[in-house]
Amino acid sequence: MEALRRRLRTTEAPPLHKAELSRFTIPNRIFALLYASAVVTLLYHHTVTLSKTHLFISTSLLLSDVVLAVIWATSQSFRIRPIYRKEFPQYINKESSENEFPAIDVFVCTADPYKEPPMNVVNTVISAMGFDYPAEKVSVYVSDDGGSDLTLFGLMEGAKFAAHWLPFCVENDVVQRCPEAYFASANLSSSNLDIHRIKTLYESMKVRVENVVEKGKIDDEYITKEDEHKAFNKWTDRFSRQDHPTVIQVILDNNKDKDIKGHIMPNLVYISREKSKTSNHNFKAGALNVLIRVSATMTNAPIILTLDCDTYSNDPQTPLRVLCYLLDSKLESKLGYIQFPQRFYGINKNDTYACEVKRLFFINAIGMDGLSGPNYVGTGCFFRRRAFFGGPLNLVLPEMAELGPNHVVSNSIQSKQVMDLAHCVASCNYENNTQWGHKMGVRYGSLVEDFYTGYRLQCEGWKAILCNPVKAAFYGDFPISLVDVLNQQKRWAIGLLEVTFSKYSPFTFGTHFMGLVMGFTYGHYSLWPIWSIPVAIYAFLPQLALLNGLPIFPKISEPLFILYLFLVFGAYGQDLMEFVIEGGTFQKWWNDQRMWMIRALTCGLFGTIEYSLKCLGISSSGFALTSKVAEVERSKRYKQGAFEFGIHSPMFVTLTTVAIINLAALIWGLKLAISGSKYGFEQFFMQVILAAFVVVNCQPIYGAIFLETNKGGIPTKTTLVSIVLATSLLIVGFLALR
């Protein structure tokens, strides 16, 4: 790679990439000064009136506005210097230089063949094998933490199909290298016999894999090769997900395996690390560290790509885009990773559950890119292997020289020496008394191992880059039921709090090693769960005060009303503008802000509670997989834009209680407007408008309570519990606020 880099420096070729500062940078800074002045004025007003009004109410409002002020202040770090990048991979002379391209090890993690169907894994693996990159320089490693022969079978079937699929893509100029995505969009009515032939092969393979998963066992008729018999015989009746030995199977070896046209195929290696019920496995972080070590013994490529099992490559030229940065001598010394934003296929028209997470994957990431770079989001990220072994100027040597980033592999990946070492480093007790997970590899200590690892790498001095091409580099899957969305993000909330209150807190450790602004970007994320504090206060307190005839906001005629108006419309207006600039629509933004409130009252609130209980030793948090299996009825409701509740959940109780109390407050407020009160309607105007705003956002909840008759509605149990809770809150409010 160094020779290629020197050649590009000595030629007069155009630059491989460029970066431009956002044109909104200066206006954002001016607006931030005005908004900060308004925030300070509001907080000053709270402190002045603290003893003159109802103490509990004024203290609660002060607390909520302080939290909002802190979160707003940290969010400004994303607006300091947002930049937009563009790459020019066409300027890389492939014909004369591809022999000098760096090798790439692709890591794919899966953990349950029923929640993460093997066909999803197969499509992801095949799409990575189809990169427009020298096949002998690509190795795909699949970590199966489910310890399932079903997943291994799927990969073996996928490898057979890939021998037909890869040359088909080259000969027919197929850009979409993921078979499932290609056949979903290809014109099968054409007379191209190759398309029909390859489609038939794929469907046949898919049926075999899905039949095996449905039965839960592999029929002998599907196993034909002697080496496959040996592989599947490694599973016994005592083999379980929590307790089993290491299984490493080289499915494809580029030294001997070729496709039907005689071309070399990429390496494909299946790994199920050793598990023991008495050992801590550190979830996905532990699986990735095993992949780092096992791949080091086999190929030790200088570049590592991490992919979720359902994240397929959408552009075969993605590695060439990465080279546009890796070949830049000005970046090479400190560039640790290149992150592509997560994008998702199949999201409905208005993105009901805000699964695009546009602020995390695009808006904020662009802002971080102008500083030290975006956070690692767990998939679609190319790392320098060297980045996992200490900072740019501080190499942390592993306990074995064969695991080092500069070790040159000389033996075949299937040699006894290599396989013995690979099994050794995949054992469940290997990391004992080592620095893995602490100073090397993917970091332990948080359920959001991706966020935490990227954060720690940047604290060590590594820089990162956001590569956001117009054509999506990768597409992933996403949950289509509300409970799956909230459970996934509750896990994020717990993981973020684990970082916030650790010795590596972004507000102390982060600001010290990365600087104040960059530390605040990570601090903003780590504070995300405490959104639940101000949202819960504003969702209940003003409404309960209204129902008890107690005004808590200024009248329309008072100057302070204008201040509130500016703060609310300023924040929402800026958020809407940034959302639309990044390709969103008003309806998508509306759903996004609604989900912001829903997340705060559910996964944020319950994640905070669960983390607190964990700190007290009352409960422990674990890694719960998000199901990637979509039922037909559920998929249909999602496409129609309907909210999916379906089951009883404490998080749904909170939402339903909010909906009931705000509806009651709105009705009571309108009654006051009609009948009049001793204060006059203008005194309650802000409380009524706030209740109305919440009611409008709760429209899907009312629909699920009163209109839904299918499985996606709110269960009667949830509604009854919510009514009891709402009634209790009304009684408490009556006693406390009178």
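Residues numbered from 1 in each chain as written. Predicted model: local features only at pLDDT ≥ 70, side-chain atom pairs only at ≥ 80, totals over all residues. Heavy atoms only, no water.

(A) Inspection of the overall build of the protein chain at higher detail. The secondary structure content of the protein chain amounts to 25 helices and 14 strands. Its C-alpha atoms give the protein chain principal-axis dimensions of about 90 × 60 × 60 Å. Scored against the burial criterion, the 738 residues of the protein chain give a buried share of 59%. Sequence separation of at least 24 residues holds for 82% of the intrachain contacts in the protein chain that already meet a minimum separation of 6. Accessible surface computed for the protein chain: about 31,200 Å², of which carbon and sulfur atoms make up 59%. (Helix = DSSP H or I, 4+ residues; strand = E, 2+ residues; numbered from the N terminus. Buried < 20%, exposed > 50% of the residue type's maximum accessible area, 1.4 Å probe, protein only. Contact = heavy atoms within 4.5 Å. Areas by Shrake-Rupley, 256 points an atom, 1.4 Å probe, with all protein chains shown as cover.)

(B) Focus on the sheet that holds strand β5 (residues 247-252). Taken together, the eight strands give an open sheet; going across it, the order is β5-β6-β4-β3-β7-β10-β9-β13, and neighbouring strands pair in mixed fashion. Taken across any chain shown, the strands that pair with only one partner, and hence form the sheet edges, are β5 and β13 (463-466). Pairs of neighbouring strands in the sheet enclose a mean axial angle of 20°, with direction left out of account. Alignment of strand β3 (residues 104-110) against strand β7 (residues 303-308), held across six bridges, turns out to be parallel. (Pairing = 2+ DSSP bridges. Axes fitted to C-alpha atoms, helices over the stretch in contact; angles between N-to-C directions.)

(C) Local environment of helix α21 (residues 632-639). Residues of α21 that are buried include every one of Arg634, Ser635, Arg637 and Tyr638, and no others. The arc that holds the buried residues of α21, viewed along the axis, is 165°, so those residues lie on one side. Every exposed residue of α21 that faces more than 90 degrees away from the buried side is listed here: Val632, Lys636 and Lys639. Where α21 is buried, its residues touch α15 (482-500). Phi for glycine 641, located one or two positions after α21, is positive at around 85°. (Arc of directions from axis to C-beta.)

(D) Geometry of the nonpolar core. Ranked by internal contacts, the top residues of the largest apolar core, which has 136 residues, are Val294, Met298 and Met595. Here this core gets 10 residues from one element, more than from any other, and that element is helix α18 (residues 532-547). Methionine 298 has contacts with Tyr141, Ile248, Val250, Val269, Val409, Ile413, Val418, Met419 and Ala422, leaving out every residue within four places of it along the chain. By size, the runner-up hydrophobic cluster in this structure holds 66 residues, among which are Val140, Phe161, Ile251 and Ile303. (Core = buried A, V, L, I, M, F, W, Y, C linked by side-chain atoms within 4.5 Å.)

(E) View of α18. With 16 residues, α18 should reach 22 Å at 1.5 Å per residue; the first-to-last C-alpha distance of 23 Å fits that figure. Approximately 25° is the largest bend angle found in α18, and it occurs at tyrosine 538, with the proline proline 542 only one to four residues beyond. Among the 16 residues of α18, 14 are classified as buried, and the element is accordingly described as predominantly covered. Glycine 549 lies just past α18 and shows a positive phi near 70°. (Expected span 1.5 Å × (residues − 1). Bend = angle between axes of the 7 residues up to and from the residue.)

(F) Here's a closer look at the pattern of salt bridges. Taken as a whole and judged by the stated rule, the model has 24 salt bridges. When the shortest N-O distance is used, the salt bridge between lysine 206 and glutamate 180 registers 3.2 Å. Here the residue lysine 206 occupies a position in helix α8 (residues 193-215), and glutamate 180 occupies one in helix α7 (residues 179-185), the gap between them amounting to 26 residues. Taking the relative accessible area as the measure of exposure, lysine 206 reaches 17% and is therefore buried. By relative accessible area, glutamate 180 is classed as partly exposed at 32%. Overlapping salt bridges bring together Arg79, Arg359, Asp575 and Glu578 as one network. (Salt bridge = Lys/Arg side-chain N within 4 Å of Asp/Glu carboxyl O.)

(G) Representation of a nonpolar patch on the surface in the model. A surface patch of nonpolar side chains, amounting to about 380 Å² of accessible area, comprises Ile26, Ile30, Leu34 and Phe566. If one sorts the elements of the nonpolar patch by residue count, helix α2 (residues 25-48) sits on top with three residues. One can find phenylalanine 566 in helix α19 (residues 559-581). (Patch = residues over 30% accessible without salt bridge, like charges linked within 9 Å, V, L, I, M, F, W, Y side chains within 5 Å.)

(H) Focus on the packing of aromatic side chains. For the structure shown, the criterion picks out 50 aromatic pairs. Ring geometry for phenylalanine 451 versus tyrosine 525: centroids 6.1 Å apart, planes at 90°, classification edge-to-face. Here tyrosine 525 lies in helix α17 (residues 516-526) and phenylalanine 451 lies in helix α14 (residues 449-459), a separation of 74 residues in the sequence. The class for phenylalanine 451 is buried, based on a relative accessible area of 5%. Assessed through its relative accessible area of 9%, tyrosine 525 is described here as buried. Taken together through their ring pairs, the aromatic side chains of Phe344, Tyr353, Phe361, Phe478, Tyr638, Phe643, Phe645 and Phe652 make up a single cluster. Positioned above the aromatic ring of phenylalanine 362 is the side chain of lysine 358, whose terminal nitrogen or guanidinium carbon lies 5.1 Å from the ring centre. (Phe/Tyr/Trp six-rings, centres within 6.5 Å; stacked < 30°, edge-to-face > 60°. Lys NZ or Arg CZ within 6 Å of the ring centre and 35° of its normal.)

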